[in-house]
Amino acid sequence: MAAVYVVACFCAIIASGAGHETIYAEKGHVLTIKPPPISKFNDLIWKINGNKVVEYDGHHEQVYRSFKNRTVLDKSSGELHIKNLLFEDSGNYVLEVVLPNNTITTNLYPVKVIEKVSKITITCEGEGGHQAKLVCTAESTPRHFIEFEWSYAGTKQPGSNLTVPLGGKDDDTVYTCHVKNPLNEEEVSFTAKHCKPEKAQIVWPIIISLFLLILCIILGVIFRQKIKAKWENCRASCCTTEADPPTSINASGDAHVTTEELQPFNQKGELDENRNAGQELETVEVVKNGDAHSQSIDLPAV
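In this text, all values refer to a predicted model and were calculated from it rather than measured experimentally.

Description of the overall build of the protein
The number of helices and strands found in the protein is three helices and 20 strands. Out of the 302 residues belonging to the protein, those deemed buried represent 28%. Contacts in the protein between residues at least 24 apart in sequence constitute 50% of all its contacts with a sequence separation of at least 6. Carbon and sulfur atoms provide 55% of the accessible area of the protein, an area that totals close to 20100 Å².

See the structure below:
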C-alpha cells in the first residue's frame, strides 16, 4: 500500500509539473509563485529539489535553511514569496497540499534566477581595408541565457559577430545589435564608418608636431644669438690688455714701479707703434750700498 502511495504521488508531481513553464526571476529581487486556488487543506509544504523551504500545518509555520528571514507564505492561498534572490535559489519548486480527505496534490514550478541584460557594447576588429568584423558583447549571468541578433538594411542575422563591408555607401550603413534574455531586451547601434579612423585624428597630430618643431627651431636661433653676443662681449673685454709699467731698482736690487703706467697696446691687442714712436730710453739712478751710480734700463720715456 505504501509503495502504491509513493508511486501515486510521483505520478501526480510529474503530471502537474508538466503544465508549468519555467519562471525566470531577477537576482536580488522577489520571486513569487502562485499555485492554483486552494479551498481547504490540512498541510502546506514548499520544497526545492526535494528539500523543504517552508511548511505550514494549519497552526505553525516553519522556514528552513537559507530561506529564513527571506520567505513569506500566504497561508490562505499558498503563494510563496522569496526576497533577495540568489543564484542558488534556482531549482524545481514543488508545492505539496494535504487536503482534508488526506489526498495530496502537488504542483511543480521550475525557477531560474538570472540577471538582466546590461552594458551592451559594439567593437570593430580589423580596422581598415574593405571589410571589418563587428563584435557585440553584453553583461548578464548566466551567459547561456543571452541571445544576440544583428539587424541592418532590412536584414536580420543571429549571433554576436558580424562581418561588414567598408568603403563608399557601405560606410553609412547602420548596424543594430539586439541582446535579450528571458527578463529583458536591449539594443545598441553602430555606423560602419566608425571602423575607420577619423581624418581629424590623423591631421591634428601632424599639425601639432610641425608647430612644436618650428617653435623649437625659433627658440634655438634666439638662444644661439644671445650666446654669440655674450661671447663677443667677453672676447672684447678679455683681449684688451695693459703693458707693465716702468720700474726702478732699489738698493737691494729689487725693482719697483716708479713711473706712470704705459699702454703700448691698443684695444685690439696690437702694438701701438704711433704711441711708442719718439720714446727714448731713460736713465734710472740706482742707489746701492750708499753709493749712487747710473744704470741704463730700456724703458720707454713718458
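Here the narrative resumes.
So, the state of the cysteines
Scanning the entire structure with this criterion turns up two disulfides. Across the disulfide from cysteine 124 sits cysteine 195; the S-S distance is 2.0 Å. Sign of the S-S torsion, about 115° for the bond between cysteine 124 and cysteine 195, identifies this disulfide as right-handed. Linking cysteine 124 in strand S10 (residues 118-125) with cysteine 195 in the loop between strand S16 (185-191) and helix H2 (199-238), this pair joins segments that are 71 residues apart in sequence. The two residues cysteine 124 and cysteine 195 agree in class, both being buried. What pairs with cysteine 136 in a disulfide is cysteine 177, and their sulfur atoms sit 2.0 Å apart.

Considerations on a nonpolar patch on the surface
Where nonpolar side chains cluster on the molecular surface, the patch consists of Ile208, Phe211, Leu212, Ile214, Leu215, Ile218, Leu219 and Ile222 and spans about 750 Å² of accessible area. Residue class for leucine 215 comes out partly exposed when judged on its relative accessible area of 37%.

Criteria and thresholds
Residues numbered from 1 in each chain as written. Predicted model: local features only at pLDDT ≥ 70, side-chain atom pairs only at ≥ 80, totals over all residues. Heavy atoms only, no water. Helix = DSSP H or I, 4+ residues; strand = E, 2+ residues; numbered from the N terminus. Buried < 20%, exposed > 50% of the residue type's maximum accessible area, 1.4 Å probe, protein only. Contact = heavy atoms within 4.5 Å. Areas by Shrake-Rupley, 256 points an atom, 1.4 Å probe, with all protein chains shown as cover. Disulfide = S-S within 2.5 Å. Patch = residues over 30% accessible without salt bridge, like charges linked within 9 Å, V, L, I, M, F, W, Y side chains within 5 Å. Salt bridge = Lys/Arg side-chain N within 4 Å of Asp/Glu carboxyl O.

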